[in-house]
Amino acid sequence: MAPRYAPSLWSRLPPLAIILQIIFIVLFAFFVEIEDLSKTDEEEFLNSYAVFQDVHVIVFLGFGFLATFLVRYGFSSVGFSMLIAAMAVQWATLLNGFLLTSRSSWTIRIKMKSLVDAEFCACSALVAMGAVHGKTNPVQLLLMSLVEVTGFVINQWLIHSFFKVSKCFTLPSTMSRAMSLHVFGALFGVMTSWVLYRPENELKHEKEKFSSKSGLFAMLGTLFLWMFWPSFNLALVMNKIIAYGTYLSLAVSVVTAMAVSVLSSPRGKINLVHVQGSILAGAVAIGAAMTTVPWMDMTIGFCASLFSVLGFRYLKGHVLIAFECHDTCGVLNVHAIPGILGWFAYVVIWLSRANDTTDAIRFAVHNICILLMTVSMSLALGTITGILLKWNLWRPQQDRKCFDDQTFWEFPHLAVRK
Amino acid sequence: MAPRYAPSLWSRLPPLAIILQIIFIVLFAFFVEIEDLSKTDEEEFLNSYAVFQDVHVIVFLGFGFLATFLVRYGFSSVGFSMLIAAMAVQWATLLNGFLLTSRSSWTIRIKMKSLVDAEFCACSALVAMGAVHGKTNPVQLLLMSLVEVTGFVINQWLIHSFFKVSKCFTLPSTMSRAMSLHVFGALFGVMTSWVLYRPENELKHEKEKFSSKSGLFAMLGTLFLWMFWPSFNLALVMNKIIAYGTYLSLAVSVVTAMAVSVLSSPRGKINLVHVQGSILAGAVAIGAAMTTVPWMDMTIGFCASLFSVLGFRYLKGHVLIAFECHDTCGVLNVHAIPGILGWFAYVVIWLSRANDTTDAIRFAVHNICILLMTVSMSLALGTITGILLKWNLWRPQQDRKCFDDQTFWEFPHLAVRK
Amino acid sequence: MAPRYAPSLWSRLPPLAIILQIIFIVLFAFFVEIEDLSKTDEEEFLNSYAVFQDVHVIVFLGFGFLATFLVRYGFSSVGFSMLIAAMAVQWATLLNGFLLTSRSSWTIRIKMKSLVDAEFCACSALVAMGAVHGKTNPVQLLLMSLVEVTGFVINQWLIHSFFKVSKCFTLPSTMSRAMSLHVFGALFGVMTSWVLYRPENELKHEKEKFSSKSGLFAMLGTLFLWMFWPSFNLALVMNKIIAYGTYLSLAVSVVTAMAVSVLSSPRGKINLVHVQGSILAGAVAIGAAMTTVPWMDMTIGFCASLFSVLGFRYLKGHVLIAFECHDTCGVLNVHAIPGILGWFAYVVIWLSRANDTTDAIRFAVHNICILLMTVSMSLALGTITGILLKWNLWRPQQDRKCFDDQTFWEFPHLAVRK
């Protein structure tokens, strides 16, 4: 018989977190130092700092509040996102330094760009986390995020190592990252969620709903993501022009998402959670497509949010029933599908401009290989992580305790909705 | 007999929004391209981007959350503001490009400044929307915002065309815009609200109230407006010094608004919604007055918030009873009165410095003409829009369904305040 | 017999606030002007403006929402923070100008740096306010903040005047400020709270609790503090490198605070309010320690948040029982202890690098004197302020009306948690 109370985190979370933290501090002591800043001038620093800060807000505030729509899961959504991201940036700083930076010695010199890169890795982990929100405890989330970051960095490293050869269309490192960030994270998360499926929770958990207030908190997080996403893409692909494209694409996404949400609702009403996901789809697609023509950006935004809303309405339920895979925040519709859509748009636009057929075919094959590698790697790693997390050692909460803050957080006065 | 449920948006919003969106994409395809950025250097771009972003936060987050004080209207307040602003920026980009930019060809080249200008137009539409919040459906809001943006841009174009003659005190384009943004939007909205008056709702709708939580959401939106308004004015009048003036004026506004709110309350308590509106009045006035002397900025802030609180306490009710005009967010007190006050301060300060009497008289006449034109144009267009929106074709909600999210948004679990 | 309703603010707050405001306007008219901006170039201005804005967000949004965890005290927490900060920045601009700036004439020329400096003073007052939140009325808060700002500026002035002599290790002005900001504010507030202790409220006031929604609002404020604190420290010590250290320290603080909160809880759960305070402790300590080595920053962050959580769990209760001192937001654990910890870290690190013993001893004595002076001055002034505020003239609320918005704010429809 299952115990009445959720298993306490006492013997699991603190040892794991503190030991990992001490290991990270020791690794930082040996390998990390801050770049000599006396050489960089004030303005250069402040400019890179401004870009970093926008990404910082997206990762910690935006993703943190995105899942607060779950009416009883607000503290966990924000708190665990913060915990996971804080751990992931440290781990990603080390991994990025060792694998993706050319160094003469073992010392990693961090600068603002290193922090931005680390936050992108954390972002990828947070995307993955979106699929399993509410059904995992923080120990599982911590392990999952570390595996995800490792996989994400190794995937990038593999792309750099194996696909660098063909000089004519070398992908800059930022480009492959922009493409894989959302797709890798989302598919990883969905696979983990599939392995961790809890049949008892059936189609809809009683606590998996939103209220008028929790919806507003989620709207706040979404708005920060929406507003700062041009900066995010700017930092991601290092090209000023993408800020315009992302802005236009996001504006079109808002209009499309609301209209399609009404259209696909039998009673002609808008679903807040669908719209929150779908207004971001345009920016995800642009991050991969990297087009510079306004009407193309707008068309991609239109298609991305259209598919995203339809995905929320129809695909999410089908995936749940057919594959027994529950995707809490709909990362499949917000990140995976728009990401792949943008990727295809990128290839198609490049091909339409190519003069030489040989080049065009090589380019297409090249890109399809990268996509396939990213997808298969994320699916495989996600499944393995899921199996690892199923282990009872991590003391997952019982089914009835899913989507509930009271499992992990003190409510001294039991003041919730008294 | 009225139907039991609110008329569905199904057959109205999606066709209108999607058709408009496709038209905009087509227009962008023919006329809009992004400015060649290879010429602008990194720092120049990032500086203009930083200013743009502050305005972006004000328009989407600030105005979006400003009306969430309505206890059951949070989703609509944020969601429809976003929809309207996303549509308005696209329309304004086109209109501004065609009417207010000197071009050699038909092509509009957008840069960061174009986006900022477009957001100011959206801002003007959101001000107008503040007066009719809760009493209109999104189809009506969409139409209203397009008419408002058109009128606002045409008004500016008229000012430029007709008042450019007298060389000695040419108004720079930004100046006339700063002056008209709030006044035009507010009077437009108030007139529309007057035509749309619903006598059944009488003096106070049962759902038109705030709760301890919805008040905090509105406070959040207000705070973002309050904090970023120096940047807003900076972008509006293109003069660094205004940032200081706005800052000082806003600080004084806070103190005055709270003190006067207590003073004008029979029980000596502060009214949150009045204070939220009035602490912004100082910045609205400075945007039009553009003074550069600290004590003048502070005095203008003092007067603006004083009038604003008194307007909320006494004028709002009188306008409702005497003119049957219901102003949900009190835009008359927050935007129209401080805007006109700032305008007069601007004229008086200019006159007090003028040496030549002829010049002074011409300047005064010049400015009074612009004010009269802006006011009469906004009143006329607002009334026409109101009559247009009264048409039953747009399926407005019934009186009982005003100020209620459930009219437009899905609550699958009916989880609101269960 | 005590009156049934809380004493009205009518005859106290408006006269005081309006008279003070008019005095400030008059003082500004005589002594303050805005620096000639035609000399500074656009980029320099925008860079200093960006730093100012981050501090602005921290002071008004971060500190404002920090205490919204109190379930019935949200409006007061945000509103009074704003009122106090708006008053404090004006007063601090004058005081800083007169005492801490070298001038040839009596005129104070304000620039962006002046506003940042003024906001730091306001920040110090808001820290002090954290200890007395909910137990004081706005009149008392206003007086307290003015005394606190005066004391804080005079303390800095004394440090500059008396400890400037020894040339070999002159403290730059920013350094002493960074060190004293948190410690001065926190100890001042704690002493005031001690004098104002209300024995009737006993150990725990019935309204001093948090709910699932009020906790999220506080989390939002905390997140803004957490995210923007690197900028805050950057502006505080004027050294780019501190941004990295603060960032790393904050990341470690999050992990440590959560782990230790679980560990020190008998049921293995996380306490949201403790974690909110403790994740900031790392940044407070780094602001004083100013180390530039990553692992040291991380270790300081680890220790600071460890002590902070333990302080919340054990010290807070002991201080309340043993000393009858009630500290609403736990400023002792969030600001005083980490501040002193960082200070000692600074001295120890400096000493470990010193070559000359005489120099080392002088440096240590020098620093200990400054700490002792800051501590004793804040304790003394805090006590005096407490005695001043105990005066019934200010009409404090009754004990049952503590931690309650309804004492000060209108709820026309009594819509709170109906």
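Residues numbered from 1 in each chain as written. Chains lettered and ligands numbered in written order. Predicted model: local features only at pLDDT ≥ 70, side-chain atom pairs only at ≥ 80, totals over all residues. Heavy atoms only, no water.

In the annotation of an unreviewed UniProt entry, chain A is listed under the name Ammonium transporter AmtB-like domain-containing protein and assigned to Pygocentrus nattereri. Turning to chain A, the UniProt annotation filed under Subcellular location (unreviewed entry) states: "Membrane". Comment text from UniProt for chain A, heading Sequence similarities (unreviewed entry), reads "Belongs to the ammonium transporter (TC 2.A.49) family. Rh subfamily." (UniProt positions renumbered as here; feature names shortened; annotations may be inferred.)

Where helix α8 (residues 242-263) of chain A contacts helix α3 (residues 74-100) of chain B, the two axes come as close as 9 Å, and the packing angle between them is 130°. The orientation of α8 of chain A relative to α3 of chain B falls into the category oblique. For the pair α8 of chain A and α3 of chain B, the sense of crossing is left-handed. Between α8 of chain A and α3 of chain B, the contacting residues are Y247, A251, V252, V254, V255 and M258 of chain A on the first element and G79, M82, L83, A86, M87, V89 and Q90 of chain B on the second. Of the residues that constitute the contact of α8 of chain A with α3 of chain B, the class distribution is 11 nonpolar, two polar and no charged. (Axes fitted to C-alpha atoms, helices over the stretch in contact; angles between N-to-C directions. Helix = DSSP H or I, 4+ residues; strand = E, 2+ residues; numbered from the N terminus. Parallel < 35°, antiparallel > 145°, perpendicular 65-115°, else oblique. Left-handed = near helix turned anticlockwise from the far one by under 90°. Contact = heavy atoms within 4.5 Å. Nonpolar A, V, L, I, M, F, W, Y, C, P; charged D, E, K, R; others polar.)

On to the environment of S253 of chain B. Residues and elements named next belong to chain B. Assignment of secondary structure puts S253 in helix α8 (residues 242-263). Considering only alpha carbons, one finds S253 and I110, 143 residues apart in sequence, at a separation of 36 Å. Setting aside its immediate chain neighbours within four residues, S253 contacts S278, I279, G282, G301 and S305.

Let's shift gears to the environment of T246 of chain B. All names here are of chain B. Looking at the element boundaries, T246 is found in helix α8. When the C-alpha atoms of T246 and A283 are compared, they prove to be 5.3 Å apart, with 37 residues separating the residues in sequence. Discounting residues that sit within four places of it in the chain, T246 has contacts with W229, P230, N233, A283 and I286.

Let us now look at the relation of the copies chain C and chain A. Once chain C has been moved 0.0 Å along the axis and rotated by 120°, it coincides with chain A to within an RMSD of 0.0 Å. Seen this way, the second copy is the image of the first under a three-fold rotation axis. (Least-squares fit on C-alpha atoms with pLDDT ≥ 70 in both.)

Screw-axis analysis of chain B against chain C gives a translation of 0.0 Å along the axis, an RMSD of 0.0 Å, and a rotation angle of 120°. Take the interface residues of chain B: only 12% of them recur as interface residues in chain C, which is what a contact between different surfaces looks like.

Attention now moves to the interface of chain C and chain A. Counting residues at the interface gives 56 residues for chain C, matched by 67 residues for chain A. Of the roughly 5700 Å² buried at the junction of chain C and chain A (both faces included), carbon and sulfur atoms supply 75%. When the buried area of chain C at its contact with chain A is split by residue, K240, Y244 and Y247 of chain C rank highest and sum to 14% of it. Between E410 of chain A and R313 of chain C there is a salt bridge, with its nearest N and O atoms 3.0 Å apart. (Buried area = accessible area lost by both parts, 1.4 Å probe. Salt bridge = Lys/Arg side-chain N within 4 Å of Asp/Glu carboxyl O.)

Next up on the list: the pattern of salt bridges. Within the structure shown, the criterion is met by 12 salt bridges over all chains. When the shortest N-O distance is used, the salt bridge between D399 of chain A and R198 of chain A registers 2.7 Å. On the criterion of sequence distance, the pair formed by D399 of chain A in the segment after α12 (357-390) and R198 of chain A in the loop between α6 (173-195) and α7 (212-237) is long-range, its members being 201 residues apart. Across the pair D117 of chain C and K113 of chain C runs a salt bridge whose closest N-O atoms are separated by 2.9 Å. Highlighted residues: D117 of chain C and K113 of chain C, both in helix α4 (residues 112-132), separated by four residues, approximately one helical turn.

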